[in-house]
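Spelled out from the first residue to the last, the chains are:
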Amino acid sequence: VAARTYAYVSLGKYSFFDVLSSTYDQLYLGKKVEDYMPRAKAAAEETRGMMVTYKDQVVITPYFGNSNGHTRSWTDVWGGSHKPWLVPVETDYDAGKKQYGHGVGMSQRDANLRAKNEGLKWHQLLKYYYTGTDIAWMYR
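Residues numbered from 1 in each chain as written. Predicted model: local features only at pLDDT ≥ 70, side-chain atom pairs only at ≥ 80, totals over all residues. Heavy atoms only, no water.

## Description of the pattern of salt bridges
- A full pass over the atoms with the stated rule returns three salt bridges.
- Of the charged contacts in the structure, one is a salt bridge between Asp 110 and Arg 114, with a shortest N-O distance of 2.4 Å. Taken together, the residues span about one helical turn, with Asp 110 and Arg 114 both in helix H5 (residues 108-118) at a distance of four residues.
- Residue Asp 134 is joined to Lys 127 by a salt bridge in which the shortest nitrogen-to-oxygen separation is 3.7 Å. (Salt bridge = Lys/Arg side-chain N within 4 Å of Asp/Glu carboxyl O. Helix = DSSP H or I, 4+ residues; strand = E, 2+ residues; numbered from the N terminus.)

## Thoughts on the environment of Pro 84
- Its location among the elements puts Pro 84 in the loop between helix H4 (74-78) and strand E4 (106-107).
- Judged by its relative accessible area of 27%, Pro 84 falls in the partly exposed class.
- In the structure, Pro 84 is positioned eleven residues away from Ser 73 in sequence and 8.6 Å away in space, judged by C-alpha atoms.
- Each residue touching Pro 84, except ones within four places of it in the same chain, is listed here: Tyr 54 and Thr 131. (Buried < 20%, exposed > 50% of the residue type's maximum accessible area, 1.4 Å probe, protein only. Contact = heavy atoms within 4.5 Å.)

## Comments concerning the pairing of strand E1 (residues 50-54)
- For E1, the tally of buried residues reaches five of five residues, placing the bulk of the element in the interior.
- Burial along E1 is two-sided: the face carrying Met 50, Val 52 and Tyr 54 and the face carrying Met 51 and Thr 53 are both buried.
- When E1 meets strand E5 (residues 134-137), the two strands line up antiparallel, connected through four bridges. Its bridge partner being in E5, Val 52 is matched across the sheet by Ile 135.
- In the sheet, E1 pairs with strand E2 (residues 57-58) via two bridges, with the strands oriented antiparallel. The partner of Thr 53 across the bridge, within E2, is Val 58.
- Taking the residues that link successive antiparallel strands as the turn, the E1-E2 hairpin has two residues, and the phi of Lys 55 there is positive, at about 50 degrees. (Pairing = 2+ DSSP bridges.)

## Let's talk about the nonpolar core
- Core analysis: the largest hydrophobic core is formed by 20 residues, its most contacted members being Trp 85, Leu 86, Met 106, Leu 126, Tyr 129 and Tyr 130.
- Secondary structure elements with two or more residues in this core: helix H1 (2-9), E1 and helix H6 (122-129).
- Those residues in contact with Met 106, other than ones at most four positions away along the chain, are Ala 2, Pro 62, Tyr 63, Phe 64, Ala 111, Leu 126, Tyr 129 and Tyr 130. (Core = buried A, V, L, I, M, F, W, Y, C linked by side-chain atoms within 4.5 Å.)

## Describing the packing of H5 against H6
- Two numbers describe how H5 lies on H6: the axes approach to 10 Å, and their chain directions differ by 140 degrees. The angle between H5 and H6 falls in the class oblique. Viewed along their axes, H5 and H6 form a crossing whose handedness is right-handed. Within the contact between the two elements, H5 uses Asp 110, Ala 111, Arg 114 and Ala 115 and H6 uses Leu 125, Tyr 128 and Tyr 129.
- When the residues that make up the contact of H5 with H6 are grouped by side-chain class, the tally is five nonpolar, no polar and two charged. (Axes fitted to C-alpha atoms, helices over the stretch in contact; angles between N-to-C directions. Parallel < 35°, antiparallel > 145°, perpendicular 65-115°, else oblique. Left-handed = near helix turned anticlockwise from the far one by under 90°. Nonpolar A, V, L, I, M, F, W, Y, C, P; charged D, E, K, R; others polar.)

Any link to function would need more than the numbers given here.
Below you can see the structure in the form of structure tokens.
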């Protein structure tokens, strides 16, 4: 859902394509990922059309490898206008680690361990990392 939302918000970002296939734009691994990550494909199918919203607007949803114990705000990293859903939150499972990535939004490591160790579901994780958001069906 976070990747779909990010891609949707990025439509028209560049003149000939929408996102880069690198960590600059959330690293798209291509269609072959479905072969070696079947759970990712199933998750995409099960959540088809769902996106993250804030006050009924689809919003940007950056994510990254892991933090050092807390995420960072949009303005601290990239400046610009305040995005109230992208504010620092605690990432207990990342505490004491070296930050890998920009630190804004969802820590993939922390989210994975929260799901495994605490039984949190995908929608609970999204609402934790993207403060004050909802998840809405934008298409079916």
